[in-house]
Amino acid sequence: MLVNTEAKILPIAQQGEAVLAQVAQLVIDPLHPSIQTLIQDMHATMLAANGVGIAAPQVFQSLRIIMVASRPNPRYPDAPPMEPIAMMNPEINWYSDEMCLGEEGCLSVANTRASVARAERLKVTYINQQGETVESEYSGFVARIIQHEVDHLNGVLFVDRLDPDLM
Ligand code: ZN
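It should be emphasised that the depicted structure is a prediction, and the values quoted were computed from it without experimental measurement. (Residues numbered from 1 in each chain as written. Predicted model: local features only at pLDDT ≥ 70, side-chain atom pairs only at ≥ 80, totals over all residues. Heavy atoms only, no water.)

So, about the overall build of the chain. Looking only at helices and strands, one finds two helices and seven strands in the chain. The helix and strand sequence of the chain, counted from the amino end, reads α-β-β-β-β-β-β-β-α. The C-alpha radius of gyration computed for the chain amounts to 15 Å, which stays within 12% of the reference 15 Å derived for 167 residues, consistent with globular compactness. When the 167 residues of the chain are sorted by exposure, 51% land in the buried category. In the chain, 66% of the contacts between residues at least 6 apart in sequence involve partners at least 24 apart. As displayed, the chain offers around 8100 Å² of accessible surface, 53% of which is attributable to carbon and sulfur atoms. Considering the chain, the positive charge centre built from 10 side chains and the negative charge centre built from 20 side chains are found 3 Å apart. (Helix = DSSP H or I, 4+ residues; strand = E, 2+ residues; numbered from the N terminus. Rg over C-alpha atoms; globule rule 2.2 N^0.38 Å. Buried < 20%, exposed > 50% of the residue type's maximum accessible area, 1.4 Å probe, protein only. Contact = heavy atoms within 4.5 Å. Areas by Shrake-Rupley, 256 points an atom, 1.4 Å probe, with all protein chains shown as cover. Lys, Arg positive; Asp, Glu negative; His and termini not counted. Charge placed at Lys NZ, Arg CZ, Asp CG, Glu CD.)

So, about the sheet that holds strand β6 (residues 121–127). Spatially, the five strands line up as an open sheet ordered β1-β2-β3-β6-β7, and their pairing is antiparallel. Strands at the two margins of the open sheet, each flanked by one partner only, are β1 (53–55) and β7 (133–139). Each adjacent strand pair in this sheet contributes to an overall mean axis angle of 40°, direction not counted. Across the sheet, helix α2 (residues 140–153) lies against β1, β2 (65–68), β3 (85–95), β6 and β7, angled at about 160° from β2, the strand it touches most. (Pairing = 2+ DSSP bridges. Axes fitted to C-alpha atoms, helices over the stretch in contact; angles between N-to-C directions.)

Bound to the zinc ion on the protein side are Cys106 (SG), His148 (NE2) and His152 (NE2), at distances that span 2.1 to 2.3 Å. Since its relative accessible area comes to 5%, Cys106 is described here as buried. Given the relative accessible area of 7%, His148 is considered buried. (Donors = N, O, S within 2.8 Å, 3.2 Å for Na, K, Ca; no water.)

The next subject is the nonpolar core. Generally speaking, nonpolar side chains in soluble globular proteins are found buried as a group. Formed by 20 residues in total, the largest nonpolar core has its most connected members in Ile66, Val68, Met87, Leu122, Val124, Tyr138 and Ile146. Of all the secondary structure elements, the ones that give two or more residues to this core are β2, β3, β6 and α2. Among the elements that take part in this core, α2 stands out by supplying six residues, more than any other. Grouped together as the second largest cluster of nonpolar side chains are 18 residues, Val27, Ile35, Ile54 and Ala69 included. (Core = buried A, V, L, I, M, F, W, Y, C linked by side-chain atoms within 4.5 Å.)

Here we take up unusual backbone geometry. If you check the backbone angles, Phe60 has positive phi at about 65° while not being a glycine. Tracing the chain through its elements places Phe60 in the loop between β1 and β2. Within the chain, Asn111 stands out as a residue other than glycine whose phi angle is a positive 55°. Considering the arrangement of structural elements, one finds Asn111 in strand β5 (residues 109–119).

So this is what it looks like as structure tokens:
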């Protein structure tokens, strides 16, 4: 991931903000400087908040961009390390039948942790920061982050998943 030392830490939308309930727009021009800058700023904001992922609506941009960046930190001491990945227009095209329960929190939902059922494995297609279309398979905690962040693009928070009607 390209890192720009001028990246800004952005305000994070909190539960109840309208932007978190909207369906985010597709990114039309992944290489546009404003999109690249937004990705840098999302990364800096996520790091500053000890997140392992972030979605553009969380920084008040209703666009289909997520950052996936599992690593051990004070909020998730057991998270596996990985190179941070920016995914534009991510589409989960396959979920395993196998589900798993795991504890989640959210930078947009203060002081709340809960166990959420997610698919153990998935395949996702996305546009990377270089504008290339990529398909990858993920499992475990990283697959959980992807499902959590893609939910943000569809106006869904993890606390909405606690409703049995959505499980
Ligand atoms: Zn979240």
